[in-house]
Structures are given as C-alpha cells and as structure tokens.
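So the chains spell out like this:
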Amino acid sequence: MDSYEQFNEQLKTAAEAFKQIDKKEVIRLISHLDADGISACAIMIKLLNNDNRKYSVSTVQQLNKDVLKQLAAEPYNCFIFTDIGSGVISDVKELLKGRKVFVLDHHSIENEDFVDIVFVNPHIFGIDGGKEISGAGVVFKFACAVDKGMEELAYIAIVGAIGDLQEQNGFL
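Since this is a predicted model, take the numbers as computed values, not measurements.

Participant: How would you sum up helix 2 (residues 35–50)? Please name residues and give values.
Facilitator: A rise of 1.5 Å per residue sets the reference length of helix 2, with its 16 residues, at 22 Å; its end C-alpha atoms lie 23 Å apart and thus fit the reference within 8%. Of all the positions in helix 2, only Asp36, Gly37, Ser39, Ala40, Cys41, Ile43, Met44, Leu47 and Leu48 are classed as buried.

Shown next as structure tokens:
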C-alpha cells in the first residue's frame, strides 16, 4: 500500500470515529485564521450542517497553551481542530484529556504520540503537507470520507490551497 492509500485509510478511520459522536453532542470547532483555515472551517461547517450537528466555531491566529487552556475551560466534550493543532499535540492531549479530539491538519507534526486523539495529517505518511495538500484539502478529503456528497465543495479546498500558495503552475 503506497503512502496515498495509507493516508486515505487514515481518513476512513477518522470518518468512522466522527460518525460515532452522539448527535446530541455540541461540537467545538476551532480553525486557523487564514485563507486555508477559513476554507477548511467552511467545509467542516457544511459537513456539520448536512449531518444535523450542533457546533460552536472560532478561528484563531495561533493555537498555543493559553488558547488551549481557555478552550479546556469550556463545557464541550468534543473538539475538532482544522488547519491547526499539529504543532501542539502534547498540549492538546494534556489540556483536553478525557475529551474527544480530532486534529485535521497539514502542518509539521510536533511529535508522533497520537494516542487518545483522532489525528489526520499527510506528514505521517511522507506526504508533503506544505506542497501536496492544504488544511482545507485534508478537511475536504475527511468530509468526503464521511459523506460523498461533500465532493461538490472541492472548489473551497482549492481556494484554501491557493491561499497557502500551493499553486505553482499547477498543483502537485
């Protein structure tokens, strides 16, 4: 199985974990405050709306221990981070321990201890998240793994990739 097939398997596993979240659960969605993060967030919001999920959304410029402490003080049991989180996995695990956490990101990974969280990142499989797929692309592929009808939002993933300067005379 090549790295792309492994990445797709990881997406399917994450999609199954998402489907297990109780529909009564209010999901806390946090995304990066840039074109890619906002595109990723838009795709996730569409998925949540299509799935009749309740959610609260925020965009942040940076995810650090202080922001995570604020989030940990909130009453939510399920957190989804889009286009952000890979660089602070240790803090996420420490401060949101005991809660359901999804990190859907394409940035470099702080460490590879993903136990207790649902972590989707192309770097795990040697795929360059800086050039080959944006955060919005990761969320798009995740959303399609949950619901094939999300394929109509491919253009939003392209906007995210362009926002992250991944278009250089075409895409990888």
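Participant: Kindly report on the confidence of the model for the protein chain, identifying the contributing residues and their values.
Facilitator: On average, residues of the protein chain carry a pLDDT of 89, and 91% of them reach 70 or more. When mean pLDDT is compared element by element in the protein chain, strand 3 (residues 78–82) scores highest at 98, while helix 6 (residues 154–163) scores lowest at 71.

Participant: Go over the pattern of salt bridges with me, naming the residues and quoting the values.
Facilitator: Inspection of the entire model under this criterion finds 8 salt bridges. Lysine 23 serves as the salt-bridge partner of aspartate 51, at 2.8 Å between the closest nitrogen and oxygen. In this pair, aspartate 51 is assigned in the loop between helix 2 and strand 2 (54–60) and lysine 23 in the loop between helix 1 (3–19) and strand 1 (26–32), connecting sequence segments 28 residues apart. Judged by its relative accessible area of 42%, lysine 23 falls in the partly exposed class.

Participant: Residues and numbers for the packing of helix 2 against helix 5 (residues 135–146), please.
Facilitator: Where helix 2 contacts helix 5, the two axes come as close as 7 Å, and the packing angle between them is 15 degrees. As the angle between them shows, helix 2 and helix 5 are arranged roughly parallel. In terms of crossing hand, the pair formed by helix 2 and helix 5 is left-handed. Contact residues: helix 2 offers Asp36, Ser39, Ala40, Ile43, Met44 and Leu47, while helix 5 offers Gly135, Ala136, Val139, Phe140, Phe142, Ala143 and Val146. Classifying every residue of the contact of helix 2 with helix 5 gives 10 nonpolar, 2 polar and 1 charged.

Participant: Tell me about the packing of aromatic side chains, residues and numbers included.
Facilitator: Per the stated rule, a full pass over the model turns up 6 aromatic pairs. For the pair tyrosine 76 and phenylalanine 79, a centre-to-centre distance of 6.5 Å together with 85 degrees between the ring planes defines the contact as edge-to-face. Chaining the aromatic ring pairs together yields one cluster made of Phe18, Phe102 and Phe142. It is arginine 53 that lies over the ring of phenylalanine 18; its NZ or CZ is 4.8 Å from the centre.

Participant: So what's going on with the sheet that holds strand 3? Residues and values would help.
Facilitator: Taken together, the 5 strands give an open sheet; going across it, the order is 2-1-3-4-5, and neighbouring strands pair in parallel fashion. Here the strands that pair on one side only, and so sit at the sheet edges, are strand 2 and strand 5 (118–120). Taken over all neighbouring pairs, the strand axes of this sheet differ in orientation by 15 degrees on average, direction set aside. As judged from the 3 bridges shared by strand 4 (residues 100–104) and strand 5, these two strands associate in the parallel manner.

Parameters and conventions
Residues numbered from 1 in each chain as written. Predicted model: local features only at pLDDT ≥ 70, side-chain atom pairs only at ≥ 80, totals over all residues. Heavy atoms only, no water. Helix = DSSP H or I, 4+ residues; strand = E, 2+ residues; numbered from the N terminus. Expected span 1.5 Å × (residues − 1). Buried < 20%, exposed > 50% of the residue type's maximum accessible area, 1.4 Å probe, protein only. pLDDT = per-residue confidence, 0-100. Salt bridge = Lys/Arg side-chain N within 4 Å of Asp/Glu carboxyl O. Axes fitted to C-alpha atoms, helices over the stretch in contact; angles between N-to-C directions. Parallel < 35°, antiparallel > 145°, perpendicular 65-115°, else oblique. Left-handed = near helix turned anticlockwise from the far one by under 90°. Contact = heavy atoms within 4.5 Å. Nonpolar A, V, L, I, M, F, W, Y, C, P; charged D, E, K, R; others polar. Phe/Tyr/Trp six-rings, centres within 6.5 Å; stacked < 30°, edge-to-face > 60°. Lys NZ or Arg CZ within 6 Å of the ring centre and 35° of its normal. Pairing = 2+ DSSP bridges.

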